[in-house]
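# Residue-level structure breakdown
Next come the chains, spelled out residue by residue.
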Amino acid sequence: MSQMLNIAAEELENPLIPPIPELVIGLIAFVIVFGFLAKKLLPNINKVLEQRREAIEGGIEKAEAAQTEAQSVLEQYKSQLDEARHEAARLRQEAQEQGATLIAEMRAEGQRQREDIIAAGHTQIEADRKAAAQALRQDVGQLATALAGKLVGESLEDNARQSRTIDRFLDELEEKAEAAR
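On a predicted model such as this, the values are computed, not experimentally measured, just so you know.

### Brief notes about the overall build of the protein chain
Helices and strands together make up the secondary structure of the protein chain, namely three helices and zero strands. Counted from the first residue to the last, the protein chain has its helices and strands arranged as α-α-α. The 181 residues of the protein chain split such that 3% are buried. Carbon and sulfur atoms make up 61% of the accessible area of the protein chain, which totals about 16,300 Å².

### Topic: the pattern of salt bridges
Under the counting rule described, the total for this entry stands at eight salt bridges. A salt bridge links R90 to E94; its shortest N-O distance comes to 2.3 Å. Of this pair, R90 and E94 both sit in helix α2 (residues 20-152), four residues apart, roughly one helical turn. According to the relative accessible area criterion, R90 is partly exposed, its value standing at 37%. The partner of R112 in a salt bridge is D116, with the nearest N and O atoms 2.7 Å apart. You can see R112 and its partner D116 sitting in helix α2, four residues apart, about one turn around the helix. On the basis of relative accessible area, R112 is assigned to the partly exposed category, the value being 40%. When salt bridges with common partners are traced through the structure, they connect E50, R53 and E57 into a single cluster.

### A word on a nonpolar patch on the surface
Together, V33, F36, L37, L41, L42, I45 and L49 make up an exposed nonpolar region whose accessible area comes to about 630 Å². Mapped onto the fold, L41 is located in helix α2.

### Topic: the confidence of the model for the protein chain
Looking at the protein chain as a whole, its pLDDT mean stands at 82, while 83% of the residues score no less than 70. Mean pLDDT across the secondary structure elements of the protein chain bottoms out at helix α1 (residues 2-12), with 58, and peaks at α2, with 88.

Calculation notes
Residues numbered from 1 in each chain as written. Predicted model: local features only at pLDDT ≥ 70, side-chain atom pairs only at ≥ 80, totals over all residues. Heavy atoms only, no water. Helix = DSSP H or I, 4+ residues; strand = E, 2+ residues; numbered from the N terminus. Buried < 20%, exposed > 50% of the residue type's maximum accessible area, 1.4 Å probe, protein only. Areas by Shrake-Rupley, 256 points an atom, 1.4 Å probe, with all protein chains shown as cover. Salt bridge = Lys/Arg side-chain N within 4 Å of Asp/Glu carboxyl O. Patch = residues over 30% accessible without salt bridge, like charges linked within 9 Å, V, L, I, M, F, W, Y side chains within 5 Å. pLDDT = per-residue confidence, 0-100.

Here it is in structure tokens:
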């Protein structure tokens, strides 16, 4: 019977429920391990987690600061680019104005030089005409004197008289030519 009681007692024991002495020893060991971990390991874990949190928050703050700075630099570059575009447009406008002024000045200078050349040409033509008229007058006078000398039969070599006669004759011809116009 005693064997039966042992078998019946073994059947009554639940394999999922540990015996009370094992449960007490396990509970004491758990409290000791938990206390050790709470004293030694948990502060280090909390310290590392706090450092990570600060690093993440600091990184976010740095990123926001960098983004703000980048935005301000971008705005500054945009304003400088706009300024440079306005300056370039102003310089182009000034260059066009200077070019137009230079062209006008060159045209005026060319016109003045043209007028000077034309005036010099007219002066030269007038001087050449007078020289030609003087030379023609002398040649005509010599021919007229020679012809008159042949007609009269005597020499008209007296220069003073010859000159007065020729001048009077040519003046009369000029007056007749001007009256005919």
